[in-house]
Amino acid sequence: MNYLKDIRNYIELEKKILDSLDINCIDAAMHLIRDTYEKESTIYIFGNGGSSATASHYQNDFNKGLSEGLEKKFRMVCLNNDLPTIMAIANDFSFDEVFSYQLKGRLKKDDLVIAISGSGNSKNIIRAVFYAKEQGSRVIGLCGYSGGRLKELSDVAIHVNIDNMQICEDIHMILDHLMMTVFYKYL
């Protein structure tokens, strides 16, 4: 079996979607991240499934990779990384509460929320975004498909406009490394 055609098609689709991204939204998101960093406020990031791994990767890249050598460090907290807390919240209340519950009593007005949802409609993501907006915090939404509620509710939405979860998740990860690379030049 020869996979070359399928490999080329996937790569071509990835390039097409990358070319379609609104770089003004990426720039606006980076300004929100930089503003939060300058204020020494906290960035909370979270997602489900593959997006939870992406959120964890962002935390690693910003807190260690990007912060290495900086006197002032990034303060990024991935709400996916504390599995016992997630399971306790899901068991005692509801899986819909796993992110909003963790934000309660912690989230401050100058903090930033980065919510990742391929569909843009995950209940636990949307509930946390509503809570963040109620607290006066700004929200960056990384979404795919139609963008869903996350696109509507976010202060800045980086929308990967494709009905393909793999490409969507690829692009969300590329955005992490893109931001890192650009920030290296200016921090």
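As a reminder, the structure under discussion sits directly above these lines.
Keep in mind that what you see is a predicted model, and the values were worked out from it rather than measured.

Trainee: Give a detailed account of the pattern of salt bridges, specifying residues and quantitative values.
Mentor: Counted under the stated rule, the structure contains 12 salt bridges. Close ionic contact of Asp110 with Lys39 constitutes a salt bridge, the shortest N to O distance being 3.7 Å. On the criterion of sequence distance, the pair formed by Asp110 in the loop between helix H5 (100–103) and strand E3 (112–117) and Lys39 in the loop between helix H2 (23–38) and strand E1 (43–47) is long-range, its members being 71 residues apart. Each member of the salt-bridge network shares a partner with another, and the members are Asp35, Lys39, Asp110 and Arg138.

Trainee: Lay out helix H3 (residues 50–66) with the relevant residues and their values.
Mentor: Each turn of an α-helix holds 3.6 residues, which means side chains three or four residues apart point in the same direction. With 17 residues, H3 extends 22 Å from end C-alpha to end C-alpha; this agrees with the ideal 24 Å at 1.5 Å per step. Turning to H3, its buried residues are Ser51, Thr54, Ala55, Tyr58, Gln59, Asp61, Phe62, Gly65 and Leu66. Lining the buried residues of H3 we find H2, E1, strand E2 (76–78), E3, strand E4 (138–143) and helix H8 (165–186).

Thresholds applied
Residues numbered from 1 in each chain as written. Predicted model: local features only at pLDDT ≥ 70, side-chain atom pairs only at ≥ 80, totals over all residues. Heavy atoms only, no water. Salt bridge = Lys/Arg side-chain N within 4 Å of Asp/Glu carboxyl O. Helix = DSSP H or I, 4+ residues; strand = E, 2+ residues; numbered from the N terminus. Expected span 1.5 Å × (residues − 1). Buried < 20%, exposed > 50% of the residue type's maximum accessible area, 1.4 Å probe, protein only. Contact = heavy atoms within 4.5 Å.

Geometric values such as these leave the question of function open.
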